[in-house]
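Spelled out, the chains give:
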Amino acid sequence: MHFNGITLAHNKGTQDSATVKIPLPKTVRLPMSQHMGAPCEPCVQKGDRVLVGQKIGDSNAFMSTPLHSSVSGTVTDITDYLLANGRVCKAVTIETDGEQKISPEVYRPVVNSRESFVAAIKQSGCCGLGGAGFPTHIKLNVDTGKTPIDSLVINAAECEPYITSDYRELIERPEDVLDGINKVMKYIGIKKAYVCIENNKPKAIKDFTQRTATRSDISIVTLKASYPQGAEKVVAFSATGRVIGEGELPSAKGIIVMNVSTAGFISRYLKTGMPLVERRLTLDGDALRTPCNVFAPIGTPVSELISFADGSTEAIGKLLSGGPMMGMCLYDFDTPVCKTNNAILAFTEKAIKPKDEQTACIHCGRCLRACPMKLMPTEIERAYEAKDKERLKKLKVNLCMNCGSCSYVCPAKRNLAETNQLAKEFIR
Ligand code: SF4
Ligand code: SF4
């Protein structure tokens, strides 16, 4: 694997915006599917009174993690809900009572071993806060007998434009980040941690370098600010030089990759027992007059965030959950904040560049050079159009992480990344 990356405007206008709590919304809606893997089943009923931190959804499936109430109030509805990704799951709506009473289920977990640590993290409802949403307890509970885990890679690259929520975690809660790293290293038995930060965040690099000056077991890795530097396989390679192959998890190469905000959350959870019920998000885009970073209860309608950032829904031409490269378009202003949301970006029609018409490939090779996985998007496109499954497998389309770099650089404006996604679905 090689990594050239592409250069994007950073637009990190909210990097100095200290995170503030938004006012408590009147209602929250909590979809049962907020992480990679099986959705939860509601364990409350309409009319139930719930408290902050109370479990409201769980699953017996291996790949799942429980869901907790972010507010105190009354369950007013449990219905099917259409997620932004087109899937449908149950969602619990809770009318808040404004008291934010904490559930007796919230208590500091007793952790004194690897097993109790993993079990506690499972109960916390934690999943990767960088966007992918892989349940954290599964990531931590790897079979170390196969390939011993010797490296913890903390992903603080935050390479998508606009988003500064991980950066604010580094700046506002560095002790939590380091404590979370220490806890993972101690209980999982990992000898070395790498904190990977892009070089457009010099303040955080300087601070963490000073804080870890006496630690030979923690290295601060300065990454070139280049997209998609924060992709899991890329950051693992940048830190350790190890290549994670097709279909492999980082654990196959002795690595756990963890988002920096997840590390900070682990520390706070072990100190307080409060599960994942709120998160930090960046609110930005030209349709918002006051871009900022906020803490919002999970389940908060996006419309509340828009009005908090002095935006009006009428002015918005495009609404994104996540960054402009890998984020997802939202069709509904009342979409709830979920565990994996690190940003809401709202743009006016004026800011959206009209899509140029797709023209024939001119064989310039820019898409090949841009691809961090060394794929051949033009060949994949051809194989997909020919519906040639074997060729698509040979071209290793499953390695595509949908970073969008190929589409971004293509002068012919071909929908390469989109075609790759369709091709992956096709061979599946
Ligand atoms: S979207 Fe896929 S094919 Fe395109 S650059 Fe990214 S990884 Fe490569
Ligand atoms: S970047 Fe676009 S025009 Fe250039 S080779 Fe790739 S598909 Fe063709």
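These figures come from a predicted structure and were not determined experimentally.

Q: Got a minute to help me understand helix α1 (residues 114-123) in this structure?
A: In an α-helix there are 3.6 residues to a turn, and that puts residues three or four apart on one side. Among the residues of α1, those classed as buried are Phe117, Ala120 and Ile121. Projected down its long axis, α1 shows its buried positions confined to an angular sector of 100°, all on one face. Here the buried face of α1 lies against α2 (136-140), α4 (174-188) and α7 (260-272).

Q: Explanation requested: the domain arrangement of the chain in the structure shown.
A: A common way to state how big an interface is: give the accessible area lost once the parts meet. When its domains are assigned, the chain resolves into domain 1 (114-272) and domain 2 (366-427). Each of domain 1 and domain 2 has a C-alpha centre, and the two are 29 Å apart. Looking at side-chain class alone, the side of domain 1 that touches domain 2 contains 4 nonpolar, 1 polar and 1 charged residues.

Q: Can you help me understand the site of ligand 2 in this one?
A: Taken together, 14 residues lie near ligand 2, and Cys361, Cys364, Cys367, Cys410 and Ala412 sit nearest. Split into classes, the residues belonging to the shell around ligand 2 amount to 9 nonpolar, 3 polar and 2 charged.

Q: Quick question: what am I supposed to make of the sheet that holds strand β15 (residues 318-321) here?
A: Strand pairs in the sheet, formed through backbone hydrogen bonds, run parallel or antiparallel to each other. With mixed pairing, the 6 strands of this open sheet are ordered in space as β1-β14-β13-β17-β15-β16. Of all the strands in the sheet, the pair left with one neighbour each is β1 (20-21) and β16 (328-329). Of the strand pairs in this sheet, β15 and strand β17 (residues 343-347) are connected by 4 bridges, and their pairing is antiparallel. Bridge pairing in β17 links Leu320 to Leu345.

Q: Just checking my understanding: could you explain the environment of Lys374 for this structure?
A: With respect to the element layout, Lys374 can be found in the loop between α9 (366-370) and α10 (377-385). A count of 13 C-beta atoms within 10 Å places Lys374 in the partly exposed class. Note: C-alpha distance between Lys374 and Gln421 (47 residues apart in sequence) is 16 Å.

Q: For this particular structure, what's the right way to read helix α5 (residues 202-211)?
A: Of all the residues in α5, the buried ones are Ala204, Ile205 and Phe208. Viewed along the axis of α5, the buried residues span an arc of 100°, placing them on a single side of the element. Turned more than 90 degrees away from the buried face of α5 sit Pro202, Lys206 and Gln210, all of them exposed. For α5, the secondary structure elements touched by its buried residues are α3 (165-172), α4, β10 (192-198) and β11 (218-223).

Q: In this structure, what is going on with the site of ligand 1? I would like to understand it.
A: Taken together, 16 residues sit near ligand 1, with Cys371, Cys400, Cys403, Ser405 and Cys406 positioned nearest. At the level of secondary structure, the elements contributing two or more residues to the shell around ligand 1 comprise α12 (405-409) and α13 (416-427). Broken down by element, the residue count for the shell around ligand 1 peaks at 3 residues, all from α13. The residue inventory of the shell around ligand 1, partitioned by class, reads 12 nonpolar, 4 polar and no charged.

Q: Whenever I open this one, the nonpolar core confuses me. Can you help?
A: Soluble globular proteins: nonpolar side chains tend toward being buried together. One finds Val153, Ile154, Val195, Cys196, Ile197 and Leu305 to be the most contacted residues of the largest nonpolar core, which totals 117 residues. If you tally residues by element for this core, the top one is α7, at 6 residues. Inspection of this core shows a minimum of three residues originating in each of domain 1 (114-272) and domain 2 (366-427). Discounting residues that sit within four places of it in the chain, Leu305 has contacts with Ile22, Leu281, Leu283, Val294, Ala296, Thr300 and Ile344.

Q: Please explain unusual backbone geometry as it appears in this structure.
A: Generally, phi is negative for residues other than glycine and the peptide bonds are trans, each holding for most cases. With an omega of -5°, the peptide bond between Tyr227 and Pro228 qualifies as cis. With respect to the helices and strands, Pro228 occurs in the loop between β11 and α6 (232-240). One non-glycine residue, Glu158, lies in the positive phi region at around 45°. Note that Glu158 resides in the loop between β9 (151-156) and α3. Unlike most non-glycine residues, Lys387 shows phi in positive territory, near 50°. Mapped onto the elements of the fold, Lys387 is located in the loop between α10 and α11 (389-394). For Lys387, a count of 11 C-beta atoms within 10 Å corresponds to the exposed category.

Parameters at a glance
Residues numbered from 1 in each chain as written. Chains lettered and ligands numbered in written order. Predicted model: local features only at pLDDT ≥ 70, side-chain atom pairs only at ≥ 80, totals over all residues. Buried ≥ 20, exposed ≤ 12 C-beta atoms within 10 Å, placed from the backbone. Helix = DSSP H or I, 4+ residues; strand = E, 2+ residues; numbered from the N terminus. Arc of directions from axis to C-beta. Contact = placed C-beta atoms within 7 Å. Domains from an automatic or database assignment. Nonpolar A, V, L, I, M, F, W, Y, C, P; charged D, E, K, R; others polar. Near = placed C-beta within 6 Å. Pairing = 2+ DSSP bridges. Core = buried A, V, L, I, M, F, W, Y, C linked by C-beta atoms within 7 Å.

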